[in-house]
Amino acid sequence: MSGTAFRRERRAFWICLAVVGLLCAVWARYVLGPMPLRVHDTSWIWSDLSQVYVAWGQYLADPDKSWLASVRQSHPLPMSVSLFDPMPLFLLLARGVSWAIPDGLQFIGWYFLACVVLQGVFGFLAARQVLHRLVEAADSRAGLAVAAVIALIVATLPFTFHRFQWHIALSSQWVLVLSIWMVMRTLDSPRRAWWLANGAVVLLATGINPYLTLMVVANLCVIT
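Note that this is a predicted model, so its numbers are computed, not measured. (Residues numbered from 1 in each chain as written. Predicted model: local features only at pLDDT ≥ 70, side-chain atom pairs only at ≥ 80, totals over all residues. Heavy atoms only, no water.)

Visitor: What is the right way to read the packing of helix H8 (residues 191-208) against helix H9 (residues 210-223) from this model?
Guide: For any two helices packed against each other, one specifies the crossing angle of their axes together with the interaxial distance. Packing of H8 against H9 leaves a shortest axis separation of 8 Å and a crossing angle of 160°. Classified by the interaxial angle, the pair formed by H8 and H9 is roughly antiparallel. Of the two elements, H8 crosses H9, and the hand of that crossing is right-handed. When H8 is examined against H9, the residues Asn-198, Val-201, Val-202, Ala-205, Thr-206 and Ile-208 are found in contact with a partner set consisting of Leu-212, Thr-213, Val-216, Val-217 and Leu-220. Classifying every residue of the contact of H8 with H9 gives eight nonpolar, three polar and no charged. (Axes fitted to C-alpha atoms, helices over the stretch in contact; angles between N-to-C directions. Helix = DSSP H or I, 4+ residues; strand = E, 2+ residues; numbered from the N terminus. Parallel < 35°, antiparallel > 145°, perpendicular 65-115°, else oblique. Left-handed = near helix turned anticlockwise from the far one by under 90°. Contact = heavy atoms within 4.5 Å. Nonpolar A, V, L, I, M, F, W, Y, C, P; charged D, E, K, R; others polar.)

Written as structure tokens, this is what we have:
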């Protein structure tokens with residue numbers, strides 16, 4: 001393949017990826033509506049969503065928090081906020097900038113939008129890996145178009161949007177699609193690279209929810 005043809009294919013790849021991400025964001029905004037994206041609006045948060053929202057708010061506002069423990073909801077004894085399914089990995093990452101986050105804001109709606117975008121993006125990458133193993137022209141315009149259509153189907157699965165009503169952590173279906181892409185991408189890699197790449201995905205899933213860990217490990221075992 002000439003250098004010009006290679007650059008043309010790479011450009012087409014990035015354009016398709018950007019278009020998929022944009023369409024997924026537009027679709028998520030349409031389905032979610034404007035209310036969840038208003039960071040000052042918590043009137044739509046209820047049931048398990050409110051449990052996670054309160055856990056995040058109390059933990060980040062606690063000046064004496066240690067690791068994942070806080071006394072804000074169990075004074076005087078500290079209690080782990082992991083019991084409230086708050087996606088501990090993201091909570092620990094936010095801990096370092098909690099001083100800059102005003103009290104009372106909610107970013108649940110924006111996370112839901114990010115879930116749909118990531119699901120579509122990783123769906124596109126996973127579909128492209130599968131097509132590489134099935135046809136030689138996976139990077140042709142037709143191959144990229146097929147991967148884009150598959151990605152949009154993955155991003156619009158009703159199950160994902162149904163989860164948005166109840167559970168933040170289990171709405172992270174993008175982690176499952178990420179695991180499919182990663183294991184497909186590393187099937188022919190050296191053993192150490194395979195373990196490092198897929199182990200990182202398992203660690204990411206574990207930091208969000210243990211149920212996702214089981215499903216990610218199932219993906220790794222079945223596909224491998």
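There's plenty left to go through after this.
Visitor: It is not clear to me how the environment of Leu-157 should be interpreted in this structure. Could you clarify?
Guide: In this fold, Leu-157 is placed in the loop between helix H5 (141-155) and helix H6 (158-163). Along the chain, Leu-157 and Trp-194 lie 37 residues apart, while their C-alpha atoms are 29 Å from each other.

Visitor: For this particular structure, what's the right way to read the packing of aromatic side chains?
Guide: Geometrically, a pair of aromatic rings is defined through the distance of the ring centres and the angle of the planes. Scanning the entire structure with this criterion turns up eleven aromatic pairs. With a centroid separation of 4.2 Å and an interplanar angle of 15°, the aromatic rings of Phe-112 and Phe-164 are classed as stacked. Of the two residues, Phe-112 is situated in helix H4 (residues 108-134) and Phe-164 in the loop between H6 and helix H7 (174-185); the sequence distance between them amounts to 52 residues. A single burial state applies to Phe-112 and to Phe-164, both of which are buried. (Phe/Tyr/Trp six-rings, centres within 6.5 Å; stacked < 30°, edge-to-face > 60°. Buried < 20%, exposed > 50% of the residue type's maximum accessible area, 1.4 Å probe, protein only.)

Visitor: Can you walk me through a positive patch on the surface in this structure?
Guide: Taken together, the side chains of Arg-7, Arg-8, Arg-11 and Arg-141 present a region of like positive charge at the surface. Among the elements that take part in the positive patch, helix H1 (residues 3-32) stands out by supplying three residues, more than any other. (Patch = residues over 30% accessible without salt bridge, like charges linked within 9 Å, V, L, I, M, F, W, Y side chains within 5 Å. Areas by Shrake-Rupley, 256 points an atom, 1.4 Å probe, with all protein chains shown as cover. Salt bridge = Lys/Arg side-chain N within 4 Å of Asp/Glu carboxyl O. Lys, Arg positive; Asp, Glu negative; His and termini not counted. Charge placed at Lys NZ, Arg CZ, Asp CG, Glu CD.)

Visitor: So what exactly am I meant to see when it comes to the pattern of salt bridges here?
Guide: Once their charged atoms are close, side chains differing in charge can pair, the charge on each being opposite to the other. Scanning the model with the defined rule gives two salt bridges in all. Close ionic contact of Asp-41 with Arg-38 constitutes a salt bridge, the shortest N to O distance being 3.9 Å. Residue Asp-41 is classed as buried on the basis of its relative accessible area of 15%. Salt-bridge contacts for Asp-188 lead to Arg-133; the nearest nitrogen and oxygen are separated by 2.9 Å. Here Asp-188 is found in the loop between H7 and H8, whereas its partner Arg-133 is found in helix H4, with 55 residues between them in sequence. Residue Asp-188 is classed as exposed on the basis of its relative accessible area of 69%.

Visitor: It is not clear to me how a nonpolar patch on the surface should be interpreted in this structure. Could you clarify?
Guide: A cluster of nonpolar residues, Ile-15, Val-19 and Leu-23, forms a patch on the protein surface that exposes about 250 Å² of accessible area. With respect to the secondary-structure elements, Ile-15 resides in helix H1.

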